[in-house]
Each structure stands twice: as C-alpha cells, then as structure tokens.
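Architecture and fold: a report
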Amino acid sequence: MDTIKNTANFVSDKVNEATSGASKEANKNVAKDSDASLGTRASAAKDALGDKVDESKSSASAEGNKQAATH
C-alpha cells in the first residue's frame, strides 16, 4: 500500500516540478524583456526565484518518493 502512495506522490511531485519549471522560464523571459516596466521585470525575477525553489523542492521530494517506492 505504501508503494502505491509513494508512486502517486512521485507522479504528483514530477507534475509540480514541470509546472514550476515552465513558470520559472516564463518569468525569466518577462524579467529579460526590455519592453516591460522595471516593476514588472523585478516582480517576474522574484517570481522566477520562487519557482526555482519550488522546482527544486518538488524534484527532491520526487526522488525521495521514487526511492521509497522501489524499496
């Protein structure tokens, strides 16, 4: 039963990792856009950093769940 739970958590973490990664890239592009206002660019840069943290957390959690599911 724990294996099923760990597998489901792994899949969920991988989805969250991918979503955060896509959001991070979108925010990085806005932060680099010279046509955007300084405030918009600064906000996008801050959001990109937060997305990177979320992406890293999800990746680490996914790896933990993967290991738990295989043991």
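Residues numbered from 1 in each chain as written. Predicted model: local features only at pLDDT ≥ 70, side-chain atom pairs only at ≥ 80, totals over all residues. Heavy atoms only, no water.

The name an unreviewed UniProt entry gives the protein is Glucose-repressible protein, with Exophiala spinifera as the organism.

This part takes up the overall build of the protein. For the protein, the helix and strand inventory stands at two helices and zero strands. The C-alpha atoms of the protein give a radius of gyration of 16 Å, which is well past the 11 Å a tight globule of 71 residues would have. Expressed along its principal axes, the backbone C-alpha trace of the protein runs to roughly 50 × 15 × 10 Å. Taken over 71 residues, the protein has a buried fraction of 24%. Surface summary for the protein: the accessible area is close to 4,800 Å², and the carbon and sulfur share equals 57%. (Helix = DSSP H or I, 4+ residues; strand = E, 2+ residues; numbered from the N terminus. Rg over C-alpha atoms; globule rule 2.2 N^0.38 Å. Buried < 20%, exposed > 50% of the residue type's maximum accessible area, 1.4 Å probe, protein only. Areas by Shrake-Rupley, 256 points an atom, 1.4 Å probe, with all protein chains shown as cover.)

Looking now at the pattern of salt bridges. Applying the stated rule across the entire model yields six salt bridges. Residue Glu25 pairs with Lys24 through a salt bridge whose shortest N-O separation is 3.8 Å. Residue Glu25 is classed as partly exposed on the basis of its relative accessible area, which comes to 36%. According to the relative accessible area criterion, Lys24 is buried, its value standing at 12%. When the shortest N-O distance is used, the salt bridge between Lys28 and Glu25 registers 3.5 Å. With Lys28 and Glu25 both in helix H1 (residues 2–32) and three residues apart, the pair spans about one turn of that helix. Residue Lys28 is classed as partly exposed on the basis of its relative accessible area, which comes to 31%. (Salt bridge = Lys/Arg side-chain N within 4 Å of Asp/Glu carboxyl O.)

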